[in-house]
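Letter by letter, the chains look like this.
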Amino acid sequence: MEIITDIPSLRLRLKSEHYVVFVPTMGNLHEGHLSLIQIAKQRSGCLVASIFVNRLQFGETRDFDQYPRTLIEDFKFLENHGVDVVFAPTEKDIYPVLQEFVIEPPPLANILEGEFRPGFFSGVATLVLKLFNLVQPQLVIFGKKDYQQLCVIREMIRQLNLSIEIDEGETVRTSDGLALSSRNRFLNGEERTEAACLFQVLSKIKLEIETGNKNFEELQNTARETLISRGWDVDYIALRQGNTLAPAQINNGALVVLGAAKLGKTRLIDNLEISVEI
Ligand code: PAF
């Protein structure tokens, strides 16, 4: 595996590649990332992963400084799993000057995560477009764990006519259902046990709807109240149309329920797709 940290070397290395598959990450890699790499590996071509903690998507909070940086372990992880090239640039490489040109994502990016993290998707989309321009992949892999991010990137590829195919990886969970995330390491013992409850309330909504319950409002409220009564600080529990994330319609077959809530200081997000017979 080659580790490349600057843009000229990356361009030189990838110049003669005909088919590049790309998995962008912020590092602190876990089995969730591995599932994306495994999807990428099914396609023959040059497999590139990036590691870059993107200040632009963090806003004013201290989350950027607190994001776990585990570069050495991450390099080993990527090497062990057959990645060909890892691109790990510094901030100066990616943002040598103040990034004044930014992507203004569609209204899809202003709801849910966008409402609670203003500017988040603009920061993600701007960085991701820069990475696409640098790596020039034919195929990119994103995880469903960040469902709204996947929708925003898919829409950016479509509306900006990028010649890139996008594939998606299922969310990877621990045995009690908790979605893998680099944030899980901030949970203390008691919080870690409780954390699976977010998956449980979303699962209950999924089961209810798949077995005929159409009272969406009540289902969302019950889930929210359950979490609040157990000490969570809930940002949203929202039933939406798949892909567009418009409010869920009873007569639509593909729905998704998304949730975001804080347990102590740790904010967790999760989602489950729901298919309804119509
Ligand atoms: O999902 C992530 O890890 C990040 O948002 C991404 C896509 C690597 C952009 O910084």
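Residues numbered from 1 in each chain as written. Predicted model: local features only at pLDDT ≥ 70, side-chain atom pairs only at ≥ 80, totals over all residues. Heavy atoms only, no water.

## Some points on helix 7 (residues 120-135)
Side chains that are three or four residues apart share a direction in an α-helix, a result of its 3.6 residues per turn.
Then, number 1: With 16 residues, helix 7 should cover 22 Å at 1.5 Å per step; its first-to-last C-alpha distance of 22 Å lies within 8% of that length.
Then, number 2: Of the residues one or two after helix 7, Gln 136 is the one with positive phi, at around 50°. (Helix = DSSP H or I, 4+ residues; strand = E, 2+ residues; numbered from the N terminus. Expected span 1.5 Å × (residues − 1).)

## Comments concerning the layout of surface pockets
Then, number 1: A volume near 210 Å³ is recorded for the second largest pocket.
Then, number 2: Lining the second largest pocket we find 16 residues, and of these Ile 51, Phe 52, Val 53, Arg 69 and Pro 89 sit closest to its centre.
Then, number 3: When the residues that make up the lining of the second largest pocket are grouped by side-chain class, the tally is 9 nonpolar, 4 polar and 3 charged. (1 Å grid on protein atoms, 1.4 Å probe; cavity = no way out; pocket = protein on both sides within 12 Å on 5 of 7 lines; lining within 4 Å. Points joined across faces, edges and corners; volume = space filled by probe spheres on them. Nonpolar A, V, L, I, M, F, W, Y, C, P; charged D, E, K, R; others polar.)

## Concerning the packing of aromatic side chains
Where two aromatic rings form a pair, the distance of their centres and the angle of their planes describe that pair.
Then, number 1: In total, this model carries 7 aromatic pairs according to the counting rule given.
Then, number 2: On the basis of an interplanar angle of 75° and a centroid distance of 6.5 Å, the ring pair of Phe 22 and Phe 132 is categorised as edge-to-face. Remark: Phe 132 occurs in helix 7 and Phe 22 occurs in strand 2 (residues 20-25); sequence separation between them is 110 residues.
Then, number 3: With a relative accessible area of 0%, Phe 22 lands in the buried category. (Phe/Tyr/Trp six-rings, centres within 6.5 Å; stacked < 30°, edge-to-face > 60°. Buried < 20%, exposed > 50% of the residue type's maximum accessible area, 1.4 Å probe, protein only.)

## Focus: the site of the ligand
Then, number 1: Taken together, Pro 24, Thr 25, Met 26, Asn 54, Gln 57, Leu 127, Val 128, Phe 142, Asp 146 and Gln 149 make up the full set of residues adjacent to the ligand.
Then, number 2: Gln 57 places a side-chain nitrogen or oxygen 2.7 Å from an oxygen atom of the ligand.
Then, number 3: Every element with two or more residues in the shell around the ligand is listed here: strand 2 and helix 7. (Near = heavy atom within 4 Å. Polar contact = N/O pair within 3.5 Å; in protein donor to acceptor, adjacent residues only side chain to side chain.)

## Structural notes on the pairing of strand 7 (residues 233-241)
Then, number 1: Among the 9 residues in strand 7, 8 count as buried, and that is most of the element.
Then, number 2: Strand direction decides the pairing type here: strand 7 and strand 8 (residues 254-263), joined by 8 bridges, are antiparallel. By the bridge assignment, Asp 233 is partnered in strand 8 with Lys 262. (Pairing = 2+ DSSP bridges.)

## Let's talk about the sheet that holds strand 2
Paired through their backbone hydrogen bonds, the strands of a sheet run either parallel or antiparallel.
Then, number 1: Strand order in this open sheet of 6 strands is 1-4-3-2-5-6, and the pairing throughout is parallel. Either end of the sheet is taken by a strand with one partner, and the two such strands are strand 1 (2-4) and strand 6 (165-169). Geometrically, the sheet is characterised by an average inter-axis angle of 25° between neighbouring strands, direction not taken into account.
Then, number 2: Bridge count for strand 1 against strand 4 (residues 85-87) is 3 bridges, and the pairing is parallel. Of the residues in strand 4, the one forming a bridge with Glu 2 is Val 85.
Then, number 3: The sheet contacts of helix 4 (residues 71-80) involve strand 1, strand 3 (46-51) and strand 4, and relative to strand 3 the element is tilted by about 165°. (Axes fitted to C-alpha atoms, helices over the stretch in contact; angles between N-to-C directions. Contact = heavy atoms within 4.5 Å.)

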